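A closer look at the structure
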Amino acid sequence: LLLGAGEAGTLVARSLKARGVRDLTVANRTASRAAQLAAELGGRSVDFSGWRDLLPGLDIVVACAAAPSRLLAADDLAPIMAARPTWKGFLKVSLV
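Residues numbered from 1 in each chain as written. Predicted model: local features only at pLDDT ≥ 70, side-chain atom pairs only at ≥ 80, totals over all residues. Heavy atoms only, no water.

This next bit is on the nonpolar core. In this structure, Leu1, Leu3, Ala27, Val46, Phe48, Trp51, Leu55, Leu58, Leu71, Leu77 and Ile80 together form the largest nonpolar core, which totals eleven residues. In contact with Leu3, other than residues within four places in its own chain, are Ala27, Phe48, Trp51, Val61, Val62, Ala63, Cys64, Ala65 and Leu71. The next biggest cluster of nonpolar side chains, apart from the first, holds nine residues, and it includes Leu2, Ala5, Leu24 and Leu37. (Core = buried A, V, L, I, M, F, W, Y, C linked by side-chain atoms within 4.5 Å. Buried < 20%, exposed > 50% of the residue type's maximum accessible area, 1.4 Å probe, protein only. Contact = heavy atoms within 4.5 Å.)

Now for the side chain of Asn28. Locating Asn28 in the fold gives a position in strand 2 (residues 25–28). The buried category is assigned to Asn28, whose relative accessible area is 13%. A polar atom in the side chain of Asn28 sits 2.8 Å from the backbone nitrogen of Ala5. Excluding residues within four positions of it along the chain, Asn28 makes contact with Gly4, Ala5, Gly6, Arg33, Ala34, Val46 and Phe48. (Helix = DSSP H or I, 4+ residues; strand = E, 2+ residues; numbered from the N terminus. Polar contact = N/O pair within 3.5 Å; in protein donor to acceptor, adjacent residues only side chain to side chain.)

Here the focus is the side chain of Thr25. Along the chain, Thr25 falls in strand 2. A distance of 3.3 Å separates the side chain of Thr25 from the side chain of Arg44, its partner in a polar contact.

Okay, helix 1 (residues 7–18) next. With twelve residues, helix 1 should reach 16 Å at 1.5 Å per residue; the first-to-last C-alpha distance of 17 Å fits that figure. Of the positions making up helix 1, those classed as buried are Gly9, Thr10 and Ala13. Projected down its long axis, helix 1 carries its buried residues within an arc of 100°, all on one side. Across helix 1 from its buried face, at more than 90 degrees, point the exposed residues Glu7, Leu11 and Ala18. Note on helix 1: the residue one or two positions beyond its end, Gly20, has a positive phi of about 100°. (Expected span 1.5 Å × (residues − 1). Arc of directions from axis to C-beta.)

So, in structure tokens, the structure goes:
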């Protein structure tokens, strides 16, 4: 899942596809931008308000969206990680 379809999100999405990611989902506050980027790369777009519902089935989440507070925190992932014992964890990288 890619959160954000602006300049950084577009660069990340293109890089992921170039490196073999087959299933790309894009969520953006502006739905048309998410749809455009997803269509360009053969992915799908989802409504930004519902992206958290997808977390249990995801392996990778990349947040490239400007926000006044963090979009995803360890507390959001704790119950999902507990339900997926073979999942090793997550890596958080913040670029400021």
